[in-house]
Amino acid sequence: MFRYVKLLIGLLVVMGGGTAVYAQEFTPTFIPAPCPFDGPELGPFTPSPEEMGFECGYVTVLEEHANPDGPTIRLPVAVLRATSPNAKPDPLFLAQGGPGGSAFEIFTYTVPNTAIAAERDIVIFNQRGTQYAEPDLFCDESIAAADELLGLPPEEGLERSLELLADCYRRLEAEGINLSAYNSLENAADVEDIRQALGYEEFNFYGVSYGTLLGLHLMRDYPEHLRSVILDGVVPPNLNFIPKVAQNEDRIFRELFRACNDDPACAADYPNLEGRLLQLVDDLNENPAIIEVIDPETKETVDVYLDGRALLDFFFQTFYLPDMYAIFPKIVADLEAGNYFFVAQILPLFAFDQTFSEGMYYSVICAEDGDFSVADLDMAGLLPPIAEYAPEDMQSYLDGCTLWPVELLPPEVDDAVSSDIPTLLLSGRFDPVTPPYFAEKAAESLPNAYHVVDPLGSHGVAFGGDCINQIVQDFLNDPDVEPDASCLRALDSAATVPPSAVTFPLLGPLAALETPFLWQTGLATLFLLGVLSAFVVWFVAFLARAAGNKRREWTQAEKRLRRGGRLLALAFGGLAVLFVAGVVTAVIQVLFYNTAYLSVYSLPGMVRPFLFIPYLLLLLAVGMVVAATLNWRQKGFSVWSKLYYTFLAVCAVGYVVVLMVHGLI
């Protein structure tokens, strides 16, 4: 299943271009409509897209641009207007990868607050056949069977996946959809239609992953209105991507091994990282693990079969994430110790993704890049497990295209794109699928191209930080001048997360600002404030008694109960404050000094002693409940004192319950 996920959800695949078939007789139209996507989740304060300033609608285009009398389809578009009084007239179009990915799931989060968005309109569109498009080519069969597929060994999962793919093809074909029309040539013509429908004369294009291939098609077939092009995670059409998957997978593992070996601290903390990974793969192949994950849609628990092959595929997917060079060694060490927490948290992001159009993926790749054989695979020097699994992985592409028969595009789609349009090529050193040499290959036929490599970047580096954003902005402001990329050399790499780091599950919901977590944390704060009120109330009561002349005589039993109960409450409040202070200090340290900890849901080792405090709080809360019960048996205590101490005990129990819900006890 993991191999299947890698092949389907990988954020690019090489496609080519060809002779444009744009039909001038048809006029594309834009129809305003409510935004189909949600705004970024910020707990209970999540704004709508319209509140963020997006203007949404659909552009109607031809299913086949060479057939002006044929059926039409609709593409979702969102426009974010520039806010600067000196806004530029040329917008920036944003295209997602896949093929089959949803641009709204990425760019509506990363772009709106940048200076780039302030200076020029941002146009985000989803490509034909993808999410919110009409029609979409989603394979509901595979989505519905995600739980089943995850529980199967990789070989069985792949076989079952192909069966579901065949079912999807038959259903979409029966619905009257011309699956051969969902290719890169038609896709590029759609971009020109969107420009025309929105009324822009000149525009800039940004594409990531497969979107870079779309951009190259656009440069070759519809260059007239292109002011500049930004290609992020580049794949040239004259280099067949699929047979190079194994080589690129091998490259990223070796790049990570090298990064650790070159860092004295990492090399000391994680010696022989390559050997340890290979041993881990062998151990899991011999004794596969069954781990539990949570389906984010149903909230149900799902069993996942994890052997060595599935682990490699899982790692390949995680290498799309930032800062993996800093957390990969820690993950290996955790897995050696039988700690699968990171896998259980991250895997659902890939396995249960419901924004990816599998049908669009196969329509594109089978029309353009299915013309290879397993014999084209170069396995020289590959890590042993990668070399072992590569032939079957490559065969799965061919098997998928056999089950997804679409018309092949002409051979010239594999020709290099030659263009003098100013082009900025972006690469990341730690990109698992579009390494920097891909961009260098594309640049050979682009005389006005500038290639920038982010030394800390992964797949898709734009909009990931102030430095790279400034480079993009400078290029957009003056595409004819090479942007200054010197700030990249000044970037500090994240320190490798050490073995002493402590897994802290709350970092996930905290980083995501999940609404249940925020409500629970707010409730815990109220409970804690209730307990801490004892410090004020009893101090004031002490002063009042000291100022008065009348003193009550207590029995020895009453004194012991009174002092013991108060000591329990004060100890609870003090320890709870110490716990919060320790955790908050550790979180601040991570946020300001090394955010890589957040990626593995960990905090520095200094927080470890504080994690024993919740268990002490549990004991103290039990003691307070007992004390409150005994208080009600004492006739000498006032009703108000009994009620107040009961209130303190209830607050203590409530605080402990929230800690239990958060998994801290």
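Residues numbered from 1 in each chain as written. Predicted model: local features only at pLDDT ≥ 70, side-chain atom pairs only at ≥ 80, totals over all residues. Heavy atoms only, no water.

Engineer: Hey, could you run me through the pairing of strand E9 (residues 301-306) in this one?
Structural biologist: Successive side chains on a regular strand alternate, one facing one side of the sheet and the next facing the other. Summarising the sheet, strand E8 (residues 289-294) and E9 pair through 6 bridges and their orientation is antiparallel. Bridge pairing in E9 links valine 293 to valine 302. (Pairing = 2+ DSSP bridges. Helix = DSSP H or I, 4+ residues; strand = E, 2+ residues; numbered from the N terminus.)

Engineer: Can you walk me through unusual backbone geometry in this structure?
Structural biologist: A cis amide bond links glycine 98 to the next residue, proline 99, at an omega of -10 degrees. In the segment running from glutamate 134 into proline 135, the intervening peptide bond is cis, with an omega of 5 degrees. Relative to the helices and strands, proline 135 is located in the loop between strand E5 (122-125) and helix H4 (140-144). Residue lysine 299 is not a glycine yet carries a positive backbone phi of 65 degrees. On the secondary structure map, lysine 299 appears in the loop between E8 and E9. Take lysine 299: its relative accessible area is 61%, and that puts it in the exposed class. Despite not being glycine, tyrosine 601 shows a phi value in the positive range, around 50 degrees. Here tyrosine 601 is to be found in the loop between helix H22 (596-599) and strand E13 (602-603). (Buried < 20%, exposed > 50% of the residue type's maximum accessible area, 1.4 Å probe, protein only.)

Engineer: Just checking my understanding: could you explain the pairing of strand E6 (residues 203-208) for this structure?
Structural biologist: The buried fraction of E6 is high, at 6 of 6 residues. Residue alternation in E6 divides its side chains into two sets, Phe203, Phe205 and Gly207 and Asn204, Tyr206 and Val208, and both sets are buried. The pairing of strand E4 (residues 92-95) with E6 spans 4 bridges and is parallel. Residue pairing across strands places leucine 94 opposite tyrosine 206, the latter belonging to E6.

Engineer: Sorry, what's going on with the environment of glycine 199 here?
Structural biologist: Residue position: glycine 199 is located in the loop between helix H7 (184-198) and E6. Through-space distance from the C-alpha of glycine 199 to that of phenylalanine 30 is 9.7 Å; in sequence the pair is 169 residues apart.

Engineer: Where do I start with the sheet that holds strand E2 (residues 54-62) in this structure?
Structural biologist: In any sheet, the strands associate via hydrogen bonds between backbone groups, in a parallel or an antiparallel arrangement. Pairing is mixed in the open sheet, where 9 strands are placed in the order E1-E2-E3-E5-E4-E6-E7-E10-E11. Each edge of the open sheet carries a strand with a single partner, namely strand E1 (29-32) and strand E11 (449-454). The average angle at which neighbouring strand axes cross in this sheet is 25 degrees, direction not considered. Bridge count between strand E10 (residues 423-428) and E11: 6 bridges; the pairing is parallel. What sits directly across from threonine 423, in E11, is alanine 449. (Axes fitted to C-alpha atoms, helices over the stretch in contact; angles between N-to-C directions.)

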